[in-house]
Amino acid sequence: MTQPTPLDRAVALATENVAAGGGPFGAVVVSADGRVFEGVNRVTRDNDPTAHAEVVAIRTAARELGTFDLSGAVLYSSCEPCPLCLSAALWARLDRVVFAADRHDAAAAGFDDAAFYELFDTPREAWTTPVVHERTPGAVAPFDAWRADPARVDY
């Protein structure tokens, strides 16, 4: 019998999560050295809108590996990552993202990310949630402090 692929495992995690009362999303991060870290959607379970399966898997991998830089790792997701999850994958510096179902499959089940993709293509002034730049006198002080800190850990 063949071993399930990480992508198969992500899909199985998503299905198992639905049976456990969670959302239909699962993810697996496979590190450069072959270690496997799993995550499922915990949004409603944890009352955390950022607890998407991919984010949970990335957080677990980073914590267990002791690094925020997951270069060399691959993210396998049961569904095409939403903008939040894709951003997390980019910040984690994952080498690749592989997904099974796509955003259209998710939309058909009531998880429609189209509004977010469309929002990013819309001028900020037209967004339904105002995002306003208010420059303060000390706005760049944190960045000045960061640049001046010889002990900083660049990322």
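Placed above this text is the structure.
Because the structure is predicted, anything quoted here is derived from the model rather than measured. (Residues numbered from 1 in each chain as written. Predicted model: local features only at pLDDT ≥ 70, side-chain atom pairs only at ≥ 80, totals over all residues. Heavy atoms only, no water.)

**Quick look at the packing of aromatic side chains**
Item 1. In this structure the tally under the stated criterion is 5 aromatic pairs.
Item 2. An angle of 70° between the planes, with centres 5.7 Å apart, marks the rings of F68 and Y155 as edge-to-face. Linking F68 in the loop between α3 (53-65) and β3 (74-79) with Y155 in the segment after α7 (141-148), this pair joins segments that are 87 residues apart in sequence.
Item 3. F68 sits in the partly exposed class, given a relative accessible area of 41%.
Item 4. Judged by relative accessible area, Y155 falls into the exposed class, the value being 58%.
Item 5. The rings of F68, W91, W146 and Y155 are connected pair by pair, giving a single aromatic cluster.
Item 6. Geometry around Y117 places R103 over its ring, the cationic atom sitting 3.8 Å from the centre.
Item 7. Taking NZ or CZ as reference, R124 lies 5.5 Å from the ring centre of W127, over its face. (Phe/Tyr/Trp six-rings, centres within 6.5 Å; stacked < 30°, edge-to-face > 60°. Helix = DSSP H or I, 4+ residues; strand = E, 2+ residues; numbered from the N terminus. Buried < 20%, exposed > 50% of the residue type's maximum accessible area, 1.4 Å probe, protein only. Lys NZ or Arg CZ within 6 Å of the ring centre and 35° of its normal.)

**Considering the state of the cysteines**
Item 1. Scanning the model with the defined rule gives 0 disulfides in all.
Item 2. No disulfide involves C79; its sulfur sits 9.1 Å from the nearest other cysteine sulfur, which is in C82.
Item 3. Free of any disulfide, C85 has its nearest cysteine sulfur in C82, 3.7 Å distant. (Disulfide = S-S within 2.5 Å.)

**Thoughts on the sheet that holds strand β2 (residues 36-40)**
Item 1. The mixed open sheet is built from 4 strands, whose spatial order is β2-β1-β3-β4. Each edge of the open sheet is held by one strand with a lone partner, namely β2 and β4 (96-101). Averaged over neighbouring strand pairs, the angle between their axes works out to 15° when direction is ignored.
Item 2. The sheet strands contacting helix α1 (residues 6-19) are β1 (26-30), β2, β3 and β4, and the helix crosses β1 at an angle near 145°.
Item 3. Across the sheet, α3 touches β1, β2 and β3, and the angle it forms with β2 is around 145°. (Pairing = 2+ DSSP bridges. Axes fitted to C-alpha atoms, helices over the stretch in contact; angles between N-to-C directions. Contact = heavy atoms within 4.5 Å.)

**Thoughts on the nonpolar core**
Item 1. Among the nonpolar cores identified, the biggest contains 20 residues, and V29, I58, L70, L75 and L94 are the most heavily contacted of them.
Item 2. Those elements that place two or more of their residues in this core are β1, α3, β3 and α4 (83-91).
Item 3. No other element matches α3, which puts 5 residues into this core.
Item 4. For L94, the contacting residues outside a window of four places in its chain are V29, I58, L70, A73, V74, L75 and A89.
Item 5. Within the second largest apolar cluster, 8 residues are counted, among which are V28, V74, Y76 and V98. (Core = buried A, V, L, I, M, F, W, Y, C linked by side-chain atoms within 4.5 Å.)

**Here we look at the pairing of β4**
Item 1. Where β3 meets β4, 5 bridges bridge the pair, whose relative direction is parallel. Bridging across to β4, S77 finds its partner in F99.
Item 2. Crossover β3 to β4 through α4 is right-handed. (Right-handed = clockwise from strand over helix to strand, strands pointing away.)

**Quick word on the pattern of salt bridges**
Item 1. Per the counting criterion, the structure on display carries 9 salt bridges.
Item 2. The shortest N-O distance in the salt bridge between E64 and R63 comes to 3.9 Å.
Item 3. Take R63: its relative accessible area is 57%, and that puts it in the exposed class.
Item 4. A salt bridge links R147 to D144; the nearest nitrogen and oxygen atoms lie 2.5 Å apart. (Salt bridge = Lys/Arg side-chain N within 4 Å of Asp/Glu carboxyl O.)

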